[in-house]
Structure formats: structure tokens, C-alpha cells
Amino acid sequence: MGLWSRRSMLAGLLSSPVLAVGCATDGARTPPPGAGTRGSAPAGEAPAGYRRLPIPPLAESRTENGVRWFTLDARPGRASILPDRTTPTWGYSQDILGPTLRARTGETVGVRVSNHLPEPTSVHWHGMHLPARFDGGPHQPIDPGAAWEPSWVIAQPAATLWYHPHPHGSTQLHTYRGLAGLFLVDDHTSDSTGLPNEYGVDDLPVIVQDKKLNPDGTLDERDDAGTGLIGPAVTANGITGAYAPVTSDRVRLRILNGSTMRIHNLGLDDNSEFEMVASDGGLLTAPTRLRRLQLTPGERAEIVVRMQAAQPRTLRSFPAPVPGRPGRGPSAGAAQSEEFEILLLSPRAQLRPGTATPARLAAIPSPVTTAAVARTFDLDGNTINGLPMDMNRIDVTATVDVPELWTVTNSHNRVHNFHVHDNHFQVLDVNGSPPPPELAGWKDTVAVPPSGSVRLAVVFRDYTDLQSPYMFHCHLMRHEDDGMMGQFLVVGQGQQAD
Ligand code: C2O
Ligand code: CU
Ligand code: CU
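Each chain has its residues counted from 1, running along the sequence as written. Whichever chain is written first is A, and whichever ligand is written first is 1; the rest continue in order. Where totals are concerned, whole chains, interfaces and linings use all residues; where local detail is concerned, this predicted model gives features only for residues with pLDDT of at least 70, and gives and counts side-chain atom pairs only at 80 or more. Here the side-chain values reflect all heavy atoms present in the structure, with hydrogen atoms and water set aside.

### Looking at the pattern of salt bridges
Here, a salt bridge means any side-chain nitrogen of Lys or Arg that lies within 4 Å of a carboxyl oxygen of Asp or Glu. Taken as a whole and assessed by the stated rule, the structure comprises 35 salt bridges. In this structure, Asp186 and Arg102 form a salt bridge, with 2.9 Å as the shortest nitrogen-oxygen distance. Note that Asp186 is positioned in strand E11 (residues 181-186) and Arg102 in strand E5 (residues 101-104), a separation of 84 residues in sequence. Residue Asp186 shares its accessibility class with Arg102, and that shared class is buried. Its salt-bridge partner being Asp220, residue Lys212 comes within 3.8 Å of it at the nearest N-O pair. The classification of residues rests on relative accessible area computed with a 1.4 Å probe and restricted to protein chains. Under 20% of the type maximum is buried, over 50% is exposed, and intermediate values are partly exposed. Classification of Asp220 as buried rests on a relative accessible area of 6%. Through salt bridges with shared partners, a single ionic network connects Asp280, Glu299, Arg300, Lys443 and Asp444. What counts as a helix is a DSSP run of H or I of at least four residues, what counts as a strand is a run of E of at least two, and both are numbered from the N terminus.

Written out as C-alpha cells, the structure is:
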């Protein structure tokens, strides 16, 4: 267990005079110290010592002239991340995190973002295919008191995407303070899978982040060790010790690793299998059965967990099995032995039967492996190809619709990952081997093993712009803030950037 063990969390809860909303009312019933969670609580009721998983509300929208407008207000708030403390936070239209935006492929959406924070920020639509000037990266800062109104057509398959700040050099701090939310895309394929799809009931958003809190409740924002902001309080949707009541025998979890730095090796407490059905860019071709799933910061996965009446199960983060192995390794700054409870799934005594996951999910074309353009990106020492991020330097100019092969190498002895804005890519290989099923779908963020490499099939579609770049970077946020980032333009055939 990490420093922040369940026992100390319970002690904190029980010494608190006020139980937070949604918390167990039966506060005096303490599980024996060190006891597992299985069977320790009456099924479906609030298990003692847990708080109900907050479900980010679905954002409201108003359609004007064919554009569905959402509103996000970046503002300060106060949240109860730990049950016994109040923490000053930042959020989008709420105290911490933000509402879930949801739209369908083909719809035109717009978002009115206003900034009521004391400093400039930006909002990036991570995983969204959209014009560069609406991407929300470091070139689209929103000043305090100002607003920004990007609008675009959703032109990609159903997926679990997210939004977060991306101001130059401050992405980590703004995200750590609480700015992050989900953006769900639906389409005909996702409608017809029969996967659990009742938002907040059997289709649960799970945003995983970690914090370090001072005794007075404030966020510890020091980074003395230089490892980035990483803490022992691992949260689901903004709280530690979360449980979700389960009413059907299949639950879909849309998991986002929204951490600043922490890599998670997810699994169920009884080591049983779950089905992974979607990765960053949407549904996989077929469900894949897993016992462990690594998610690095920025990555998403949708999984389906089978439940049985009266048998609670816990989503946990396990110690990384073998450091240095392909695709594995301890998180930067985190002890390899750390283990965390993320979400207790607490079933009712009677469960509604769900539909079996279909054997085929989405059609994904095979990647183009004979690209005319090949590029290499070497990650090392907060640089890419030896250069730190410079907002005035374009590193790559890609031509729209021309397939490219990107080889990303990691010269460092720690895991980094690699994220590309705009279009999703396909992983061709990891250290020379074909990707495992969990990396074989559409991806926008992928771990690059220590002293290893990944090869990606990349092609940018639809939008060209001679001025506004997109970003590629390590999504361990301290690293991107420190300069492990570059910029690319997408131009038309025969066009030259000036
Ligand atoms: Cu999720 Cu460039 O970011
Ligand atoms: Cu992004
Ligand atoms: Cu990194």
C-alpha cells in the first residue's frame, strides 16, 4: 500500500465531524484495519468509509443556427477531495473537474469558454479532430475575464475524449488544480453495440488523478524532487475512497488517466478478467480480455466488468510488474511498490441482466505501412530531437492526406509517452513487436518504453493551416511543460509554410 493507506483515510474520515454528502451514514461501522473490501459492506448500500462516486453532469447545450453550443466557465472552487478536508481547487463550471460534453458524429458543436481564473489558461480538446486554430493549445490562451468560442464539426468515430488546459508551461499546474473533463462522442456503431450505455448508471465515467494535500487541505504544489506533481491521494472523479452502486451484471467504465505524472497498471482486486472495448480513439475491432491494463497520463480505455450480486469488486492500480520491460515500468517519481484502490463497485442483491459484448465492435482499416514520409522523434532530457519546445519554431510540416511513419524513440531510462494532436494514429510496433490488442485500435497517446521505441502510422486529414500549429509531446505534464514538446503544421498538397 502507498503512504496513504485506506486505514489512514478511514481514520481521517471518522475523526471528521461532518460526513460529506453521499457518504456512508453508518460512519461508526469501520471495516477491520487492513481488511479487504470484498464482503465488507452490505451489497449496494453505501459501504462504510466510502463516498459515492460523483458523476460529472452531462453538459447542457443550446442549438443556435445549427450549432450546438456548450458553456464552460474556468473558475476557482472548493472541493472535498479527502473526506476530512476542504481544498481550494479549480474547475470548469463546477468546483473541480468539469461537466461531460457529449455529441454525435456529424454534429456541429461550439463551446463558449470563459476564464474566471486569475491567470491565462486554454482549453484543449484532447483526441478531437478539428482545425488547429480551435485546438486550444498554447497558441489559443484565454486571458482572465476573456472568452473563447471554438466551433467545429465532429468528424470522427464514437470515443471517450477529454478536455484540459494547455497553457505554455503551466499545463501541469492547471490540470492538477482540477481542470479536466470528458467529451464523449457517439455514432451509429456505438449505438448498436449493446454495450452498457446508461450514463452514470451502468456506463460510468472514471477520471483518475492523484493529489498531494497539505494538512490544511490546500494542494501541495511543490515539486522539490523535480519529479512532477504526484501524490498519494489517488482519486476517481475528484474524490478518494469512491464507490459506485451497481444495478446490472455488466458495468462499462470509461477510464481516463487524467493524472499529471502517474502511470497506472489497472486491474480488479480479485485479478479476474475484464473486457476492454475501446481505446483513445474509439471502439476496438473486438473486445480483448485483460487482467491488467497500463494507462499512462492522457490515455483512455473503456472496459466492461462483469458483476455478480452481492460480490463487490474494486478497480485497483497495481505495482508495475517489471520495470524497464517493454510497455511497463514505474511512473516517474512513484515508487514501484505503490498500490491504490480507485473505485469500489458495489452491487445490489439483484442485478439486471445486461447484453453480452458482441464479438466484433468497430471496423478499423489496416494501417498504411509504406509511407512516403518517415520521421523520427527522440525523447530525452525534456527535449525532442535535442530541442526544447519553442512556440516560434515549427518542427514538422505535414501534408494533408499523405501517410507518414513516425518512429518515436526513448533514450531515457524512464517511461515517457507520446501524444499527437488532431488525428489518431495506429501503432505499428512496440520495440519491434506488433502491438498488443489494447494498443491495436486508434490511439492518440502511447507509452514509449525506456530505451525503447514505437512506430506509428500517422495521417492528417481535412484541415490545413499555414499559421496555426498542432502539438506533439510527452503527456507526462511536467515533461511537456519543461519542453518535451514540438509543433507541426498540416498544409495542403504543394503548399509551403512560410
Ligand atoms: Cu492532452 Cu497536447 O494534450
Ligand atoms: Cu491533445
Ligand atoms: Cu515524459
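### A closer look at the coordination of the copper ion (ligand 2)
For Na, K and Ca the donor cut-off is 3.2 Å, and for all other metals it is 2.8 Å, counting N, O and S atoms only; because water is absent from this set, sites may look incomplete. Bound to the copper ion (ligand 2) are the protein donor atoms His124 (NE2) and His419 (NE2), situated 1.9 Å from the metal. Here the residue His124 occupies a position in strand E7 (residues 124-126), and His419 occupies one in strand E27 (residues 416-420), the gap between them amounting to 295 residues. Taken individually, His124 and His419 each receive the classification buried, so the pair is uniform in this respect.

### Observations regarding the confidence of the model for the protein
Predicted coordinates in areas of low pLDDT are best not read in detail. As a per-residue measure, pLDDT reflects the predictor's confidence and takes values from 0 up to 100. Overall, the predicted model of the protein reaches an average pLDDT of 89, with 87% of residues at or above 70. Of the regions scoring below 50 in pLDDT, residues 1-43 engages in 66 contacts with residues more than four places distant in sequence or in other chains. Here, residues are in contact when the closest pair of their heavy atoms is within 4.5 Å. Below pLDDT 50 for its whole length, residues 322-336 participates in 43 contacts with residues either more than four positions away or in separate chains.

### Description of the coordination of the copper ion (ligand 3)
The protein atoms that coordinate the copper ion (ligand 3) are His416 (ND1), Cys474 (SG) and His479 (ND1), at distances of 2.0 to 2.1 Å. Read in sequence order, the donor residues for the copper ion (ligand 3) give the motif H-x57-C-x4-H. Its relative accessible area of 0% is what places Cys474 among the buried residues. Of the residues examined, His479 reaches a relative accessible area of 11% and is grouped as buried.

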